[in-house]
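What the coordinates show
Here are the chains, one letter per residue:
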Amino acid sequence: MKITSFPEYEQAYKKSVEQPEQFWKEIADNFLWRKKWDKILNWNFTEPKIEWFKGAKLNITENCLDRHLETMGDKPAIIWEPNDPTEDHRVLTYKQLYDKVCQFANVLKNNGAKKGDRICIYMPMVPELAIAVLACARLGAIHSVVFGGFSAQSIADRILDAECNIVITTDGGVRGDKKIPMKTVIDDALVRCPSVKKVIVLTHTRTPVSMIKGRDVWWEDEIKKVETQGNKEFIAEEMDAEDMLFILYTSGSTGKPKGVVHTCGGYMVYAGYTFTNAFQYEPGEVYFCTADIGWITGHSYIVYGPLSQGATTVMFEGVPTWPDAGRFWDIVDKYKVNIFYTAPTAIRSLMSFGDEPLKGKDLSSLTKLGSVGEPLNEEAWHWFDERIGKKKCPIVDTWWQTETGGFMISPIANVTPLKPGYATLPLPGVQPILVDEKGEEILGNGVSGNLCIKFPWPGMLRTTYGDHERCRTTYFATYKDLYFTGDGCLRDEDGYYRITGRVDDVLNVSGHRIGTAEVENAINMHSSVVESAVVGYPHDIKGQGVYAFVVCPNQHGDQELARKDIMMTVSRIIGAIAKPDKIQFVTGLPKTRSGKIMRRILRKIAEGDTSNLGDISTLLDPGVVEDIKAGAL
Ligand code: PRX
């Protein structure tokens, strides 16, 4: 299934378009199925209905663990680097990981978990997070991992939406010099969540926590019970290829985050195939993805993709700048990392520290680099290439989304000729098209448009949990018979793709997706706020920053205090990741006569470009624009 030359890529691509079912059948044959499929693909984008490998029976953990035991049971599956570099790291071989996953699946079963249950996982980046994810999959329960930076309120919304009955967490977490009271946050969330019957708490920081009788149990005590019971194995639940594997919540342009649903068979095939190809993973290589398992990158390219391919995957608990900005390079040096996959925001941030943090770090083990989450600007591309890759490592700039499950447009390392700033070419099976506002296809090269995909691929989302209509309207209704990505895109003279950013009201802050409507709703919850409008603006490190225009006439205390109050409100409602970078108090917002906020004007002001705001004559009160311009931050 590995492509090793450009002509092979072209051939594979052609086959994937002309005979998609045959193409994916041959890829799927490389995986372990208890029973093969009745049909490779059923689909229409109208409902939408997408089924890959329907009727096939499998368990993804047999592909990630069991099938490797004989040949590489002693090989490291996970290398874990703790937040504090003076503490011991941990290595879990495939056999050890298998044992721990079986053990914890038994814990889940003892606590009432069954196939089809939804289980919320809210944990820091510790090996037990991967173990919990895999144990859910082994038992057939649907995991919903919530990133550690979300607030109690956001967790509660996600638990309620998915009707989770179990939560897995830790007492606390540490990131750099910050402590995160994970269990306390969960306790606050659960006040609103009667569906949760059990909370399994891993001891990590041994921070004092409340443990409620009958509901809260310690991970370690439950493991002891399993040991006493003598349950060493856990026979993996048989899943249909189209049974749900997980839900992952992500932000959109309107309302609450939605639960993107991925299923077992297609997702597994796609994550494994794209991992092996884009990174050209070779047995024995050490691979380090710096993402958090709370995001799709961690799901697909720390856990499922690498493990399904028998890779060694490094998990890091901390942050790139603690204890100093050389931390990633220490890790590369320490474990002789070969493949290093990170985000543009991290690259830009580390770049700003200059060469000092690189001194004395041996990066010679690196052979391939990767980037994800937002456009990788050319300056950062060259720094990454020269200072980290020493001009000998290809950079795979992987464009994809929570909804796509895996890489879509991406170079194949050492196969695809690169171009800085470009995600380059679609992987086999991916059929991108550019359309104009009306949905007309824009043909030819040297053109820009809205990026859509016209044919299904195995890793694509199947629905949004509990609300299929929302899935249809969000992704399949903007343009007929197309999956709409929400991204703008340029196809250059060579047919190379460059993602230019979101065309909807979604911000990309440090590679995290944040809906402007979501932030506005949170700001508007603050008692003195009348209304607000949130837009993005270019930010040197984060890619985009959050700029909030807020109408807040009765402030308690001075403006600075009022700003802090609003920040606190956003932290409480969504989480610290959504806090605005700038808050400008205004007397009114620029609205049309029908009451619609003209965001175009606010975006320009936030970008600091007020020279030409375009036609403002349709505004109800054009005068408000002058006031806003005068107070711009
Ligand atoms: O705008 C694109 C941007 O991130 C969005 C997807 O965000 P999320 O679902 O959180 O997944 C992030 C990790 C896959 C996309 O719609 N994006 C992602 N990768 C790139 C990118 N923009 C430019 N270049 C990329 N390589």
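The notes below deal with the structure included here.

Criteria and thresholds
Residues numbered from 1 in each chain as written. Predicted model: local features only at pLDDT ≥ 70, side-chain atom pairs only at ≥ 80, totals over all residues. Heavy atoms only, no water. Pairing = 2+ DSSP bridges. Helix = DSSP H or I, 4+ residues; strand = E, 2+ residues; numbered from the N terminus. Axes fitted to C-alpha atoms, helices over the stretch in contact; angles between N-to-C directions. Buried < 20%, exposed > 50% of the residue type's maximum accessible area, 1.4 Å probe, protein only. Contact = heavy atoms within 4.5 Å. Salt bridge = Lys/Arg side-chain N within 4 Å of Asp/Glu carboxyl O. Near = heavy atom within 4 Å. Polar contact = N/O pair within 3.5 Å; in protein donor to acceptor, adjacent residues only side chain to side chain. Areas by Shrake-Rupley, 256 points an atom, 1.4 Å probe, with all protein chains shown as cover. Nonpolar A, V, L, I, M, F, W, Y, C, P; charged D, E, K, R; others polar. 1 Å grid on protein atoms, 1.4 Å probe; cavity = no way out; pocket = protein on both sides within 12 Å on 5 of 7 lines; lining within 4 Å. Points joined across faces, edges and corners; volume = space filled by probe spheres on them.

As summarised here, the arrangement of the 4 strands in space is β21-β22-β24-β25, forming an open sheet in which the pairing is antiparallel. A strand with exactly one partner marks an edge of an open sheet, and here the two such strands are β21 (432-435) and β25 (497-502). Averaged over all pairs of adjacent strands, the angle between strand axes in this sheet comes to 45 degrees, irrespective of strand direction. Across 5 bridges, strand β24 (residues 483-491) lies against β25 in antiparallel orientation. Within the sheet, the bridge partner assigned to Arg491 lies in β25 and is Tyr497.

For an α-helix, 3.6 residues make a turn, and residues three or four places apart therefore share a direction. Of all the residues in helix α13 (residues 378-388), the buried ones are Ala380, Trp381, Trp383, Phe384, Asp385 and Ile388. On its buried face, α13 is in contact with α11 (327-335), β18 (339-342), α12 (344-351), β19 (368-372) and β20 (395-398). At the exit of α13 stands Lys390, carrying a positive phi of roughly 50 degrees.

Moving on, we come to the sheet that holds β18. Remark on secondary structure: sheet strands pair via backbone hydrogen bonds, oriented parallel or antiparallel. With mixed pairing, 7 strands are arranged side by side in an open sheet as β5-β4-β17-β16-β18-β19-β20. Looking at the sheet topology across the chains shown, the edges are occupied by β5 (90-93) and β20. On average, adjacent strands in this sheet sit at an angle of 20 degrees to one another, irrespective of strand direction. In the sheet, strand β16 (residues 286-289) pairs with β18 via 3 bridges, with the strands oriented parallel. The residue of β18 that forms the bridge with Phe288 is Phe340. Against the sheet, helix α5 (residues 127-139) touches β4 (76-81), β5 and β17 (312-316), its axis set at about 25 degrees to β5. Strands in contact with α11 are β4, β16, β17 and β18; relative to β4, the strand with the most contacts, it is inclined by about 140 degrees.

Let us look at the pattern of salt bridges. A complete count under the given rule lists 45 salt bridges for this structure. A salt bridge links Asp38 to Lys35; the shortest N-O distance between them is 3.1 Å. Where Asp581 meets Lys542, a salt bridge forms, and the shortest distance between an N and an O atom there is 2.5 Å. Here Asp581, found in the loop between α16 (559-573) and β30 (582-585), pairs with Lys542, found in the loop between β28 (531-539) and β29 (543-551); they are 39 residues apart in sequence, far enough to count as distant. The partly exposed category is assigned to Lys542, whose relative accessible area is 24%. Connected via shared salt-bridge partners are Lys183, Asp187, Arg215 and Asp216.

Looking now at the site of the ligand. Surrounding the ligand, one finds 17 residues, the nearest of these being Asp397, Thr398, Thr402, Asp487 and Arg513. In this structure, a nitrogen atom belonging to the ligand sits 3.3 Å away from a main-chain N or O atom of Glu374. Interatomic distance of 2.8 Å between a side-chain N/O atom of Arg502 and an oxygen atom of the ligand. Burial of the ligand by the protein amounts to 96% of the accessible area it has alone, namely 540 Å². Mapped onto the shell around the ligand, the elements with two or more residues apiece are α10 (296-308), β20 and β25. Residues that form the shell around the ligand fall into these classes: 6 nonpolar, 6 polar and 5 charged.

Gaps between atoms show up when a probe of the same size as a water molecule is rolled over them. Counting across every chain of the model gives 2 cavities of 30 Å³ or more. Here the largest cavity defines a volume of roughly 60 Å³. In this structure, the largest cavity is lined by Asp157, Arg158, Asp161, Tyr249, Lys256 and Pro257. The dominant element in the lining of the largest cavity, judged by the number of residues it contributes, is helix α6 (residues 152-162), at 3 residues. When its residues are assigned to classes, the lining of the largest cavity shows 2 nonpolar, no polar and 4 charged.

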